[in-house]
Amino acid sequence: MSFKDHFSAHAATYQQYRPLYPWRMYRWLASRVGAQPTVWDCATGNGQAAHDWVHYAERVVATDASVAQIQNARAHPRISFAVASAERSGLAPASVDIVSVAQALHWFDQAAFYREADRVLRDDGVLAVWTYQWAHVSSAVDAIVHRFALDTLAEFWPAERAYVDNRYMNILPDWRPLATPQFEVHADWSCAQLLGYLSSWSALQRARRATGADPLAEIAPSLRSAWGAGRRQVRWPLVWHVFRKP
C-alpha cells in the first residue's frame, strides 16, 4: 500500500527537532491495561514515542511505512522496529495491549487502520491517538510563527493538516472513548532549536522545492530578535483521544 511520505527526505532533521511527549501520558495509558503491556507504536517515525514507551511497557513494536525514518531510529533491546504501513502492520491477531499513534493519524486511511487496530488488539485493549497544536512561546514570537505558518506557508500545507486543526474530531473511530486528563508538550529550547523545529515542517519543505527560496531564512532575523537571549519554554497544547477496543 502506498502512503503519503512528507518526512523521509528530512528524517534526520525530524529526529533532532521534534519535542518529547509528557511521561505522565504514557504512565496513564499503561495503567488502563495493567502491568507491563505490549505496545504497537504505529507510524513511529524516528522512534520518539517508542523510546518513551519502554519505561512503561514490556515490549514495543514500532512500525513506520518510511524506510528512512526507521533507519534513523535509535535501537533499543525492547523495541522491535519494522517497515510496515498503519493499515497492514504484519502483527499477529490479538497480540498487543495498546496501539498508539503520535502525530500521524491524519496521514492514514483511517477506516483501514481502525480495522487493523481492532485485529491486533487484545480484548479490552486501548487505542490512543494524539497530536499537538501550534507552539506558544511569547506573544511576539507566536505572532511571527503563526504568520509564517498560516500566511507564508498556507498554500503548502497538505490537505490533511485540517484534521489536526480540527483536533481529529472528524476522523475518530466509533469506539468507546475514555475520559482523559489534560497535558501539554513542553520543551526548554534555544531560538536555534525552534528554527530547527520549523525546518522539519512538511509545508516548508514543499515551499522550498516549489519556489527555490527559503522562507524560513527570511523570518529568522525577526524571530531571533523577538526571542532575545538564552533559552525559553515552548509549549504545545496536546490533543489526544483514547478508546477501548469495541
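Right, let's walk through the structure included here. Keep in mind that what you see is a predicted model, and the values were worked out from it rather than measured. (Residues numbered from 1 in each chain as written. Predicted model: local features only at pLDDT ≥ 70, side-chain atom pairs only at ≥ 80, totals over all residues. Heavy atoms only, no water.)

## Examining the packing of aromatic side chains
Alright, step 1. A complete count under the given rule lists 20 aromatic pairs for this structure.
Alright, step 2. Taking 6.4 Å as the distance between ring centres and 5 degrees as the angle between the ring planes, the aromatic pair formed by Y26 and Y56 counts as stacked. Highlighted residues: Y26 in helix 2 (residues 23-31) and Y56 in the loop between helix 3 (48-53) and strand 2 (59-64), separated in sequence by 30 residues. (Phe/Tyr/Trp six-rings, centres within 6.5 Å; stacked < 30°, edge-to-face > 60°. Helix = DSSP H or I, 4+ residues; strand = E, 2+ residues; numbered from the N terminus.)

## Digging into unusual backbone geometry
Alright, step 1. With a phi close to 55 degrees, Q36 is a non-glycine residue in the positive phi region.
Alright, step 2. Inspection of the secondary structure assignment puts Q36 in the loop between helix 2 and strand 1 (38-42).
Alright, step 3. Backbone geometry at A43 places phi at a positive 60 degrees, although glycine is not the residue there.

## Remarks on the packing of helix 8 (residues 191-199) against helix 10 (residues 215-227)
Alright, step 1. Look at helix 8 against helix 10: their axes get within 10 Å of each other, and the N-to-C directions meet at 150 degrees. Here helix 8 runs over helix 10; the crossing is right-handed. Counting all contacts with helix 8, which are made through C191, L194, L195, L198 and S199, the residues of helix 10 involved are L216, A220, L223, R224 and W227.
Alright, step 2. Residues that form the contact of helix 8 with helix 10 fall into these classes: eight nonpolar, one polar and one charged. (Axes fitted to C-alpha atoms, helices over the stretch in contact; angles between N-to-C directions. Left-handed = near helix turned anticlockwise from the far one by under 90°. Contact = heavy atoms within 4.5 Å. Nonpolar A, V, L, I, M, F, W, Y, C, P; charged D, E, K, R; others polar.)

## A closer look at helix 2
Alright, step 1. Turning to helix 2, its buried residues are M25, Y26, W28, L29 and A30.
Alright, step 2. Where helix 2 is buried, its residues touch helix 3, strand 4 (96-102), strand 5 (121-132), strand 6 (176-178) and strand 8 (232-244). (Buried < 20%, exposed > 50% of the residue type's maximum accessible area, 1.4 Å probe, protein only.)

## Some remarks on the pattern of salt bridges
Alright, step 1. Summed over the entire model, instances satisfying the criterion amount to seven salt bridges.
Alright, step 2. Taking the shortest distance from any N to any O, the salt bridge between R235 and E184 comes out at 3.0 Å. You can see R235 sitting in strand 8 and its partner E184 sitting in strand 7 (residues 184-189), a full 51 residues away along the chain.
Alright, step 3. We classify R235 as partly exposed; its relative accessible area is 34%.
Alright, step 4. The exposure class assigned to E184 is partly exposed, which follows from its relative accessible area of 29%.
Alright, step 5. Between D188 and R231 there is a salt bridge, with the nearest N and O atoms lying 3.4 Å from each other. Of the two residues, D188 sits in strand 7 while R231 sits in the loop between helix 10 and strand 8, which places them 43 residues apart along the sequence.
Alright, step 6. Since its relative accessible area comes to 40%, D188 is described here as partly exposed.
Alright, step 7. A residue is classified by how much of its surface remains accessible, and R231, at 48% relative accessible area, is partly exposed. (Salt bridge = Lys/Arg side-chain N within 4 Å of Asp/Glu carboxyl O.)

## Observations regarding helix 10
Alright, step 1. The end-to-end C-alpha distance of helix 10 is 18 Å, a good match for the 18 Å that 13 residues give at a rise of 1.5 Å each.
Alright, step 2. Of all the bends found along helix 10, the most pronounced is centred on P221 and spans about 35 degrees.
Alright, step 3. Here helix 10 has its buried residues at P215, L216, I219, A220, L223 and W227.
Alright, step 4. Positive backbone phi, at 85 degrees, marks G228, one or two positions downstream of helix 10. (Expected span 1.5 Å × (residues − 1). Bend = angle between axes of the 7 residues up to and from the residue.)

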